[in-house]
Amino acid sequence: MKAAWCVEYGPPSGISVAELDEPEPGTGEVLVRVHAAAVNYPDVLIAANHYQVSAPLPFTPGSEFAGVVTALGAGVTGPAVGSPVAGAVLSGAFAEQVVAPVEALRPIPDGLDMVHAAAFHVTYTTAYHALVTIGGATAGEWVAVLGASGGVGSAVVDVATRLGLHVVAAASSEQRLAVARKLGAEAGIDYLREDLKTRIRELTGGAHLVIDPVGGDHAEAALRALRRAGRFVTVGFADGAIPRIPLNLVLLKNLVVRGFEARMIRHEDPEATLAAERALAGMVRDGMRPLVSRVHPLSDVAGALTAVAERRTTGKIVLEMAAR
Ligand SMILES: NC(=O)c1ccc[n+]([C@@H]2O[C@H](COP(=O)([O-])OP(=O)(O)OC[C@H]3O[C@@H](n4cnc5c(N)ncnc54)[C@H](OP(=O)(O)O)[C@@H]3O)[C@@H](O)[C@H]2O)c1
């Protein structure tokens, strides 16, 4: 089978496409023929060995995929061979076949094709939990979303709007803000040219909630724009710099700062997981689709990852295995 191949940690330009043996599912595992795989920012970090968890070399990058079950390993009774599934693993998804633990698979919500199914789960689950499970979002509140045209950011804007929140989007250009506005953001702030704290306060009177997948200097500016007892949810550091927040800011306004990490939520909070799956499936039935801005063939895996690493993408980029 064809698969992306990383033999040395570093920038995405070092990733090639190789001809590999098909993997075999072990105990508790399932073999999936991958139709589409989405690029997430963590794929760039894993290739550079800058992620929280390492993928041992050499390896096939790629975490999020959608495809069809082709074989079951020992001890696995379903999903049946032929079932469409989506899933997420640490690595291995940028390939024509991937092996995944059965618990990493989930059914594809009705209405999503393979490309959109591949792009859906990581960002939309993260968005829902950051807003609702962790952020306690309530209809009518103002949420400020950083990196609002990115994968996670665009999903947060989309879900928040559908939950009846007012969204102020922050991003690095007018063009990127237009993407967030299209998804429902009522206001936009170009945080490279405008003062983020001042503008959030002007537009919202003080945000109730901040969702931050970016970090860097923007985090503290957004936290300072919260109203009393506001909530700040950190979900990632696409900026590269991990902010250090002076705790006096948190104390003075009774703020709440919380984090969200998607990989553990299924084990830590099965009830919230079920609630999120139900709510998101309902939104998909109502027409919600992840924003897929580009589809690349597997042969262009390095180009797709480079575009994400260089901040040139909006929404999600998807690799389609059958595309030439
Ligand atoms: N906690 C979780 O469970 C979870 C789940 C998924 C992802 N994440 C994390 O969330 C973050 C965003 O992931 P994503 O998949 O949404 O990434 P993405 O699609 O690349 O979006 C990231 C956004 O961050 C902004 N950004 C600011 N500085 C940047 C820089 N130096 N390089 C690249 N982007 C920069 C960009 O928007 P502007 O140009 O408009 O600033 C970009 O749209 C990552 O850190 C990822 O690891 C966490």
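Each chain carries its own residue numbering, running from 1 in the direction its sequence is written. Local features in this predicted model are restricted to residues of pLDDT 70 or higher, and side-chain atom pairs are both shown and tallied only at a pLDDT of 80 or more, whereas totals for entire chains, interfaces and linings draw on every residue. Hydrogens and waters are ignored; side-chain quantities use all the structure's heavy atoms.

## Brief notes about the overall build of the protein
Phase 1: Here a helix means four or more residues in a row that DSSP labels H or I, a strand means two or more in a row labelled E, and each is numbered from the N terminus. Tallying secondary structure elements over the protein gives eleven helices and 15 strands in all.
Phase 2: Here the radius of gyration uses the C-alpha set of atoms, whereas the globule reference equals 2.2 Å times the residue count to the power 0.38. Rg of the C-alpha trace for the protein: 19 Å, near the compact-globule value of 20 Å for 324 residues, within the 12% margin.
Phase 3: For the protein, the spread of C-alpha atoms along the principal axes amounts to about 55 × 40 × 35 Å.
Phase 4: The proportion of buried residues among the 324 residues of the protein is 52%.
Phase 5: A fraction of 68% describes how many contacts in the protein between residues 6 or more apart in sequence connect residues 24 or more apart. Throughout this description, buried means an accessible area under 20% of the type-specific maximum (1.4 Å probe, protein chains only), exposed means over 50%, and partly exposed covers the range between. Residue contacts follow a heavy-atom distance rule, with two residues in contact if any of their heavy atoms lie within 4.5 Å.

## Topic: the site of the ligand
Phase 1: A molecule or strand has a residue near it when one of that residue's heavy atoms lies within 4 Å. V152, S172, Y191, F260 and R311 are the nearest of the 24 residues found near the ligand.
Phase 2: Within the backbone of F237, an N or O atom sits 3.1 Å from an oxygen atom of the ligand.
Phase 3: In this structure, F260 approaches the ligand through a main-chain N or O atom, which is 2.7 Å from a nitrogen atom.
Phase 4: Areas reported as accessible are Shrake-Rupley estimates using a 1.4 Å probe. Residue values count occlusion only from the protein chains shown. In isolation the ligand has 900 Å² of accessible area, and contact with the protein removes 92% of it.
Phase 5: Breaking the shell around the ligand down by element, the ones donating at least two residues are helix 1 (41–47), helix 3 (121–134) and helix 4 (151–162).
Phase 6: The residue inventory of the shell around the ligand, partitioned by class, reads 14 nonpolar, six polar and four charged.
Phase 7: No fewer than three residues from each of domain 1 (2–120 + 291–320) and domain 2 (122–264) sit in the shell around the ligand. Counting of polar contacts relies on pairs of N or O atoms within 3.5 Å, with two restrictions inside protein: one atom must be capable of donating a hydrogen and the other of accepting it, and residues adjacent in sequence are counted only when both atoms are side-chain atoms. Ten residue types, Ala, Val, Leu, Ile, Met, Phe, Trp, Tyr, Cys and Pro, are classed as nonpolar, four, Asp, Glu, Lys and Arg, as charged, and the remainder, Gly among them, as polar. Either an automatic procedure or a domain database provided the assignment from which the domain bounds are taken.

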